[in-house]
Amino acid sequence: MKKLYILSLVLSFTFSFAQTNLKKADALFRNYAYADASKAYEEILQNIKSPTAQTLKNAADSYYFISDARNALKWYKKLYEVQGNNLTDIYYLRYIQCLKGVMDYDEADKMTKEYLSKKGDQNEINKYVAQKKQMDSLSKAKSLYTIKNLDINTSKSDFGATFFQDRVVFTSARDTTKFSEKLYTWNNQPFLNLYTAERNPADGSLFNETVFLPNVMTKYHEATASFDAAGKTIYYSTNIVKKNKLVIDETKTNNFQIIKGDIVNNKLENPQKVFFDSDDYSVGHPSLSEDGQWLFFASDMPGGIGETDLYYVKIAADGTMSSPINLGSKINTIGNDLFPYFRNGKLYFSSDGHYGYGDLDVYESSLLADGSFSTPVNLGPPINSNKDDFAFIIDSQENYGYVSSNRSEGKGDDDIYSFTKGKPVCNQSISGMAIDRKTKLPLTDVSIMAYNSYSEVLGETKTNYEGKYAIEVPCGKLVKMIAAKPNYSSDDKTVETTNENGGEIKDVNFELSNYDDLVVKKKGVEKVDVNPIYFDYDKYDITPLAIEELTKVVFIMKKFPNIRIKIESHTDSRGKDSYNMKLSDNRAKSTRDYIVSQDIDPSRIESAIGYGESRLINKCKNGVKCTEEEHLLNRRSDFIIIQK
């Protein structure tokens, strides 16, 4: 698609040489006859041992401008061997694009890093890192797009489909005109014209193509149209012509302009230039927003960032246009930024200057509240390939559309592809950390599980060395999060995700208790670590102080669901033996009943038995004088762990 990169028509004649030399090859190149120039340089360079850098540039560019990446790469490599990292920005870009064109992505990445390091612009490095990360993510995800080559394509260039009422208008070099003898020497194809076709809603195919607005057609280029919502106003690209003659500059270049007109009874009426047209530079690829208030376009006008930049003008109700506004370095690059299309608050465009798959790729950028545009994101395969992918359009419901490409599996130079787009999967990230409940230190290798309402696993991950985690889950769901680690209690949280695709719910944190911090071990027996459980004198009702300690028992049993216990309750020696036996047994069963009331399965408590004063742990038996503190040691309830 290089022929429209510079949005201009170059006037030249087809030369035929039985034998050529460097001067003649250079003449072909200067006349933009790239198809013939590439052959001429190929022949000459077989016999030149040390060609100049300019000759290598011309040879490489001749192939580059006719989209022959394989042969262009051969001469760009030679140029790099001669100039090393003294290559200019644009030749680094073309070299890298040709590497991608033959799918040598590793070498392309290497050269990209070399170029960015040489340039030393951290913002550009950050942009490269972000775009590469996004493309790596695309490679792991299933694409929303399904594309299909159309039967309407020819062996010539067909591209630039756009919606017009219930039909589609597109650009083509198909030879259906009386100008068949006129070839565009850049690529030796007929000149471009606008055609219209009916659209089959069932499969997106196009048929019954005819010339669109016959009174528009000239013997030169007409291309890339855009229409208002009613289909009564057209903007399109065409050569600058005065009195039926091309207006050319000293380099024999005829620039493109944008024409606005009315469509009346299938004819163009009241054609007029837009005010920012100029004989000195090109403007083209117009795209009118659906509300008719913005007109986007591409241009190589002075003051831009790269070879061609994207601009827009605002259009008032009376048709008055603002001055052109450059979309800035977030959108525009040192390369070519072209084919804008604005719908539903999103700008789609093609660029060879952003980090992509090769040559032109299609990108999407959203209009932000402050009037700027977001960082462009690559649409990925199958919309994009290692060749030129451009002229992307999509319907208002974002279900279907068309894109153009010169990828190798096509029928001609450029082909139109229909596509359908599936509904995006909406996901959000839940993030946080896990810490030790006692020490408050981060815990590594904690398993984080996310479940839906049906206990189906939505995702799982583990905390890193900082105790942090992030897990992706669907939007609009009630998610149960469980954190678990061997020999630790589990913890759980319930999170409700929103409908914001790509959003993040932060600080969903977990506290896990180490099993060893919850038990005491003595003589090979493990017990739940609790303080003495106090009852009112001569009673076995559960008091608030008792509840505080029993909560620890409930906690460990809930956090470690395999634990089984037995309860033993004891008294001191004061009082009758039989009375103490009965009182302790009532207290044991009372504590059991409380634990069961907290949703603990009764089968997890093997027994609850009172032993009265039969198992004293010190000297304080009947008749022995002891302090209150010594008696207290005997008034205890033990929660002995028999299984874990």
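Residues numbered from 1 in each chain as written. Predicted model: local features only at pLDDT ≥ 70, side-chain atom pairs only at ≥ 80, totals over all residues. Heavy atoms only, no water.

A look at the layout of surface pockets
Next, step 1: When its volume is computed, the largest pocket comes out at roughly 1400 Å³.
Next, step 2: As for the largest pocket, its lining consists of 32 residues, of which Gln134, Ser137, Leu138, Ala141 and Asn501 are closest to the centre.
Next, step 3: For the lining of the largest pocket, the element with the highest residue contribution is helix 7 (residues 122-140), accounting for 6 residues.
Next, step 4: Partitioned by chemical class, the residues of the lining of the largest pocket number 12 nonpolar, 11 polar and 9 charged.
Next, step 5: Each pocket or cavity is described by its volume, and for the second largest pocket that value is around 640 Å³.
Next, step 6: The wall of the second largest pocket is formed by 21 residues, among which Lys522, Lys527, Ile617, Arg636 and Asp638 lie closest to the centre.
Next, step 7: Elements with a minimum of two residues in the lining of the second largest pocket: strand 34 (519-522), strand 35 (525-528), helix 10 (628-634) and strand 38 (637-643).
Next, step 8: For the lining of the second largest pocket, the residue count by class is 9 nonpolar, 3 polar and 9 charged. (1 Å grid on protein atoms, 1.4 Å probe; cavity = no way out; pocket = protein on both sides within 12 Å on 5 of 7 lines; lining within 4 Å. Points joined across faces, edges and corners; volume = space filled by probe spheres on them. Helix = DSSP H or I, 4+ residues; strand = E, 2+ residues; numbered from the N terminus. Nonpolar A, V, L, I, M, F, W, Y, C, P; charged D, E, K, R; others polar.)

With respect to the state of the cysteines
Next, step 1: Applying the stated criterion across every chain yields a total of 2 disulfides.
Next, step 2: Between the sulfur of Cys426 and that of Cys475 lies a disulfide, 2.0 Å long from S to S. Its S-S torsion of about -75° marks the bond between Cys426 and Cys475 as left-handed, since a negative value means left-handed. Placement of Cys426 in the loop between strand 25 (415-421) and strand 26 (427-436) and of Cys475 in the loop between strand 29 (468-474) and strand 30 (478-484) is noted, with a sequence separation of 49 residues between them.
Next, step 3: Cys426 sits in the partly exposed class, given a relative accessible area of 25%.
Next, step 4: Between the sulfur atoms of Cys620 and its disulfide partner Cys626 the distance amounts to 2.0 Å. An S-S torsion of about -110° defines the bridge between Cys620 and Cys626 as left-handed.
Next, step 5: Judged by relative accessible area, Cys620 falls into the buried class, the value being 0%.
Next, step 6: You can call Cys626 buried: its relative accessible area is 16%.
Next, step 7: Each disulfide of the protein chain joins two cysteines, and with those cysteines numbered along the sequence the arrangement is 1-2, 3-4. (Disulfide = S-S within 2.5 Å. Buried < 20%, exposed > 50% of the residue type's maximum accessible area, 1.4 Å probe, protein only.)

With respect to helix 5 (residues 89-101)
Next, step 1: Between its first and last C-alpha atoms helix 5 spans 18 Å; for 13 residues at 1.5 Å apiece the expected length is 18 Å, and the two agree.
Next, step 2: The complete set of buried residues in helix 5 reads Ile90, Tyr91, Tyr92, Leu93, Arg94, Tyr95, Ile96, Gln97, Cys98, Leu99, Lys100 and Gly101.
Next, step 3: Summarising the contacts, the buried residues of helix 5 are in contact with helix 3 (53-64), helix 4 (69-83) and helix 6 (105-119). (Expected span 1.5 Å × (residues − 1). Contact = heavy atoms within 4.5 Å.)

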